[in-house]
Amino acid sequence: MNRSLVTLAEHSREKIEYLIRMAQEFERQPNRLLLQGRVVATLFFEPSTRTRLSFETAANRLGARVIGFADPKVTSGTKGETLKDTIMMVSNYADIIVMRHYLEGAARYASEVAPVPIINAGDGANQHPSQTMLDLYTIYQTQGTLDNLDIYLVGDLKYGRTVHSLLMAMRHFNPTFHFIAPDELAMPETYKTYCRMHGIRYEEHKEFDADLIAGADILYMTRVQKERFSDLMEYERVKDRYLLKLDMLSKAKTNMRILHPLPRVNEIEYAIDDDPHAYYFQQARNGLFARQALICDALGITLEQVKNDKTIIP
Amino acid sequence: MKREQLIVSALDHGTVIDHIPCERLFEVINLLHLDQMTSKVTIGFNLKSSKMGTKSIIKIADKFFTDEELNQLSVVAPNVSLSIIRDYEVVEKKQVCLPDELYGIIRCNNPKCITNNEPMRTLFHITDKEAGIVRCHYCNHEQDIKKVTLT
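Predicted, not measured: the structure shown is a model, and the values here were computed from it.

Some words on the nonpolar core
All names here are of chain A.
Right, so step 1: Formed by 115 residues in total, the largest nonpolar core has its most connected members in Ile97, Leu219 and Tyr220.
Right, so step 2: Sort the elements by how many residues they give to this core and helix α10 (residues 280-298) lands first, with 9 residues.
Right, so step 3: Ignoring sequence-local partners within four residues, the contact set of Leu219 consists of Tyr152, Val154, Ile213, Met256 and Ile258.

Written as structure tokens, this is what we have:
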């Protein structure tokens with residue numbers, strides 16, 4: 001059985017809940033020797049310091065040893081080696097491969113050729129399931145459930161793969177999505193079709209103010225990047241319209257939490273960091289527990305084994 | 001018609017692929033690997049057709065294709081008609097139809113897809129047969145089958 005993780009879109013509701021329960025165990029006790037004697041390879045064909053550090057910390061805190069590269073310039077890929085050859089070579093050394101690649105579909109292909117499990121740490125604009133897993137974990141942690149939530153997605157909904165993956169993974173949980181984006185960065189038709197096919201309710205909004213935010217359980221902010229605009233006048237016109245300011249939270253529900261995949265540039269005012277609705281730094285911390293769960297699951301370690309683990313370091 | 005009948009010999013056993021659009025003929029030849037055939041192959045190009053204006057036709061002796069092979073044809077020439085010949089008689093007529101999956105037939109039109117950057121076989125899932133929409137198994141990009149190129 002191929003235990004690779006390429007996308008969360010294929011996971012059932014039960015599987016997602018199972019991984020959340022496993023992540024909860026790791027949040028309780030992140031330091032263990034559960035993976036002692038194992039080798040985890042982190043192959044980053046495209047630099048992503050924050051994702052790499054999170055995966056490597058997850059492996060290290062479970063007692064695994066980590067090999068790999070953070071910079072593709074040092075690999076044989078630059079000498080013309082194919083992805084398959086690199087994967088086959090590393091499979092001889094490591095028990096599992098965490099891979100980030102700039103090409104879309106690279107993780108799927110690697111999972112088909114590799115004799116060891118692959119975890120997709122992002123493949124181009126396609127999928128980034130560990131980000132989605134930590135988002136789901138954070139939503140569950142802050143709301144106590146994943147069911148029947150109003151989730152507001154703000155900013156770049158066109159190129160932002162985190163919002164696309166989140167939307168697809170939430171299909172089991174009867175959400176209502178709200179899309180708030182400039183026209184140039186609106187949610188693509190493909191994902192609206194996906195919503196209609198899976199019975200996911202969605203509304204599109206132009207205004208972004210306190211009255212709108214009043215309905216949110218989760219306010220998921222993303223970065224609006226200047227380079228995404230063909231018309232810079234348009235960018236100048238809309239860039240401030242999707243910034244979150246402290247006074248816009250005046251009518252927010254008490255359970256509402258603000259998430260952001262980070263890095264943030266200026267889309268969330270710094271004054272909000274100390275507001276109880278702000279949750280993006282805890283969200284990033286949850287990446288550790290989510291990734292510990294994903295690595296263990298890919299290695300065939302069960303929730304039962306994690307619960308009965310005798311290797312916890314106090 | 002009489003003159004054409006003289007040019008194209010009758011087939012005792014084999015497959016006739018008729019009503020191939022002339023501009024697609026050479027793609028059909030490549031797709032079915034007819035250049036590697038050892039049996040007799042007769043190809044008619046720029047023939048008159050009351051239905052299509054001009055058409056092409058291929059007669060392949062002693063060869064019966066699987067449905068899977070024939071369905072790959074639907075990507076380049078969805079409206080061809082097929083006749084299976086045994087003992088000079090047409091024993092079966094078939095229409096091609098788009099299969100659920102396309103292996104190694106078409107190229108992904110996403111330049112950042114792994115399949116365009118690695119020596120590997122492509123795979124597409126048909127998401128909408130009527131509209132001819134296919135999805136790349138690797139990068140998930142949906143594309144119009146009329147706009148794809150062959151591998």
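Having seen the model, we can carry on.
Quick look at helix α2 (residues 49-61) of chain A
All names here are of chain A.
Right, so step 1: For α2, with 13 residues, the first-to-last C-alpha span of 18 Å sits near the 18 Å given by 1.5 Å per residue.
Right, so step 2: Thr51, Arg52, Ser54, Phe55, Ala58, Ala59 and Arg61 are the residues of α2 that are buried.
Right, so step 3: Residues of α2 that are buried sit in contact with β1 (39-44), β2 (65-69), β3 (96-101), β4 (118-123) and α10.
Right, so step 4: Backbone geometry just after α2 places Gly63 at a positive phi near 85 degrees.

Examining the sheet that holds β3(A)
Residues and elements named next belong to chain A.
Right, so step 1: Read from one edge of the open sheet, 4 strands run β2-β1-β3-β4, paired in parallel fashion. Looking at the sheet topology across the chains shown, the edges are occupied by β2 and β4. Adjacent strand axes in the sheet meet at a mean angle of 15 degrees, parallel and antiparallel pairs treated alike.
Right, so step 2: Strand contacts of α10: β1, β3 and β4, with the helix running at about 135 degrees to β4, the strand carrying the most contacts.

Some remarks on the pairing of strand β6 (residues 176-180) of chain A
All names here are of chain A.
Right, so step 1: Judged from the 5 bridges that link them, strand β5 (residues 150-154) and β6 form a sheet pairing that is parallel. Bridge assignment links Leu153 to a residue of β6, and that residue is Phe179.
Right, so step 2: With helix α6 (residues 161-169) bridging β5 and the parallel β6, this β-α-β connection has right-handed handedness.
Right, so step 3: Summarising the sheet, β6 and strand β7 (residues 201-205) pair through 5 bridges and their orientation is parallel. If you follow Ile180 over to β7, its bridge partner there is His205.
Right, so step 4: As for the winding sense of the linkage, the β-α-β connection from β6 through helix α7 (residues 189-197) to β7 is right-handed.

Digging into the domain arrangement of chain A
Residues and elements named next belong to chain A.
Right, so step 1: Per the domain assignment, the segments making up chain A are domain 1 (13-127 + 287-307) and domain 2 (130-283).
Right, so step 2: On a C-alpha basis, the centroid separation for the pair domain 1 and domain 2 is 27 Å.
Right, so step 3: Each partner contributes to the interface: domain 1 provides 15 residues, whereas domain 2 provides 11 residues.
Right, so step 4: Broken down by secondary-structure element, the contributors of at least two residues to the side of domain 1 that touches domain 2 are α1 (13-28), β4 and α10.
Right, so step 5: Taken together, the residues of the side of domain 1 that touches domain 2 sort by class into 10 nonpolar, 3 polar and 2 charged.

Here we look at the sheet that holds strand β3 (residues 53-61) of chain B
Residues and elements named next belong to chain B.
Right, so step 1: With respect to topology, 5 strands assemble into an open sheet ordered β2-β3-β1-β4-β5, the strand pairing being antiparallel. Edge positions in the open sheet fall to β2 (41-49) and β5 (89-95), since each of these has one partner strand only. Adjacent strand axes in the sheet meet at a mean angle of 20 degrees when their direction is disregarded.
Right, so step 2: Examined bridge by bridge, strand β1 (residues 13-20) and β3 share 5 bridges and lie antiparallel to one another. Directly across from Val16, in β3, lies its bridge partner Lys59.

Overview of the packing of helix α3 (residues 83-91) of chain A against helix α4 (residues 106-113) of chain A
Residue and element names in this part refer to chain A.
Right, so step 1: Between α3 and α4, whose axes approach to 10 Å, the crossing angle comes to 50 degrees. Put simply, α3 runs oblique to α4. When you trace α3 past α4, the crossing you get is right-handed. Counting all contacts with α3, which are made through Leu83, Lys84, Ile87 and Met88, the residues of α4 involved are Ala106, Tyr109, Ala110 and Val113.
Right, so step 2: Looking at the contact of α3 with α4 residue by residue, the class counts come to 7 nonpolar, no polar and 1 charged.

Let's talk about the interface of chain A and chain B
Right, so step 1: In this complex, chain A contributes 12 residues to the contact, which on the side of chain B involves 15 residues.
Right, so step 2: Ranked by residue count, the leading element in the side of chain A that touches chain B is α4(A), at 3 residues.
Right, so step 3: Partitioned by chemical class, the residues of the side of chain A that touches chain B number 4 nonpolar, 5 polar and 3 charged.

Details of the packing of α2(A) against α10(A)
All names here are of chain A.
Right, so step 1: The contact between α2 and α10 brings their axes to 8 Å, and the two run at 65 degrees. For the crossing formed where α2 meets α10, the hand is right-handed. Contact residues: Ser54, Phe55, Thr57, Ala58 and Ala59 in α2; Gly287, Leu288, Arg291, Gln292 and Ile295 in α10.
Right, so step 2: Of the residues assigned to the contact of α2 with α10, the class counts are 5 nonpolar, 4 polar and 1 charged.

Parameters and conventions
- Residues numbered from 1 in each chain as written.
- Chains lettered and ligands numbered in written order.
- Predicted model: local features only at pLDDT ≥ 70, side-chain atom pairs only at ≥ 80, totals over all residues.
- Core = buried A, V, L, I, M, F, W, Y, C linked by C-beta atoms within 7 Å.
- Buried ≥ 20, exposed ≤ 12 C-beta atoms within 10 Å, placed from the backbone.
- Helix = DSSP H or I, 4+ residues; strand = E, 2+ residues; numbered from the N terminus.
- Contact = placed C-beta atoms within 7 Å.
- Expected span 1.5 Å × (residues − 1).
- Pairing = 2+ DSSP bridges.
- Axes fitted to C-alpha atoms, helices over the stretch in contact; angles between N-to-C directions.
- Right-handed = clockwise from strand over helix to strand, strands pointing away.
- Domains from an automatic or database assignment.
- Nonpolar A, V, L, I, M, F, W, Y, C, P; charged D, E, K, R; others polar.
- Parallel < 35°, antiparallel > 145°, perpendicular 65-115°, else oblique.
- Left-handed = near helix turned anticlockwise from the far one by under 90°.

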